[in-house]
Amino acid sequence: MQMIQDPEHARRLAQNLVELLVPYEEELIQLERDTPAFGPLRRAVGIAIAEACYCISDRPVLQEDLVPPASDEASRAR
């Protein structure tokens, strides 16, 4: 299986997945109230949504973010 190399494309796919699954999760919540056997399916859909949300919000840490700018107060105190 080939991984998606373009992070923006991956985010768009994850966003589409969330938009597709949320209505199903809402329906499964209703079904689970009457039939608890739907619980595992509802949880699985919820996990898929959570993982897609993580993909959407996951931002790689840039190297320049790891080091404070030289002009900040901590650097001046050294």
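Keep in mind that this is a model prediction, so the values were computed, not measured.

## Some remarks on the overall build of the protein chain
Each helix and strand counted, the protein chain has four helices and zero strands in total. Counting from the amino terminus, the protein chain carries its helices and strands in the arrangement α-α-α-α. Scored against the burial criterion, the 78 residues of the protein chain give a buried share of 17%. Sequence-distant contacts in the protein chain: of pairs separated by 6 or more residues, those separated by 24 or more amount to 57%. Accessible surface, the protein chain: about 6,500 Å² in total, of which carbon and sulfur atoms supply 59%.

## Regarding the packing of helix α1 (residues 7-34) against helix α2 (residues 39-57)
The geometry of α1 relative to α2 is characterised by a closest axis approach of 8 Å and an angle of 155 degrees between their N-to-C directions. Considering their axes alone, α1 and α2 lie roughly antiparallel with respect to each other. In the packing of α1 onto α2, the handedness of the crossing is left-handed. Residue-level inspection shows Ala-10, Arg-11, Ala-14, Gln-15, Leu-17, Val-18, Leu-21, Val-22, Glu-25, Leu-28, Ile-29 and Glu-32 of α1 in contact with α2, the latter providing Gly-39, Leu-41, Arg-42, Arg-43, Val-45, Gly-46, Ala-48, Ile-49, Ala-52, Cys-53, Cys-55 and Ile-56. Grouping the constituent residues of the contact of α1 with α2 by class yields 16 nonpolar, three polar and five charged.

## Some words on the pattern of salt bridges
Two side chains with opposite charge may pair up if their charged atoms get near one another. One pass over the structure, following the stated rule, counts two salt bridges. Here Arg-42 ties to Glu-32 by a salt bridge, and the two come within 2.7 Å at their closest N and O atoms. You can see Arg-42 sitting in helix α2 and its partner Glu-32 sitting in helix α1, a full ten residues away along the chain. Glu-32 is paired through a salt bridge with Arg-43; the nearest N and O atoms lie 3.9 Å apart.

## Comments concerning the side chain of Glu-25
By secondary structure assignment, the location of Glu-25 is in helix α1. Buried charge without a salt bridge: Glu-25, with Arg-42 as the nearest opposite-charge side chain at an N-O distance of 4.9 Å. Leaving out residues up to four positions away in the same chain, Glu-25 has contacts with Arg-42, Val-45, Gly-46 and Ile-49.

Calculation rules
- Residues numbered from 1 in each chain as written.
- Predicted model: local features only at pLDDT ≥ 70, side-chain atom pairs only at ≥ 80, totals over all residues.
- Heavy atoms only, no water.
- Helix = DSSP H or I, 4+ residues; strand = E, 2+ residues; numbered from the N terminus.
- Buried < 20%, exposed > 50% of the residue type's maximum accessible area, 1.4 Å probe, protein only.
- Contact = heavy atoms within 4.5 Å.
- Areas by Shrake-Rupley, 256 points an atom, 1.4 Å probe, with all protein chains shown as cover.
- Axes fitted to C-alpha atoms, helices over the stretch in contact; angles between N-to-C directions.
- Parallel < 35°, antiparallel > 145°, perpendicular 65-115°, else oblique.
- Left-handed = near helix turned anticlockwise from the far one by under 90°.
- Nonpolar A, V, L, I, M, F, W, Y, C, P; charged D, E, K, R; others polar.
- Salt bridge = Lys/Arg side-chain N within 4 Å of Asp/Glu carboxyl O.
- Lys, Arg positive; Asp, Glu negative; His and termini not counted.

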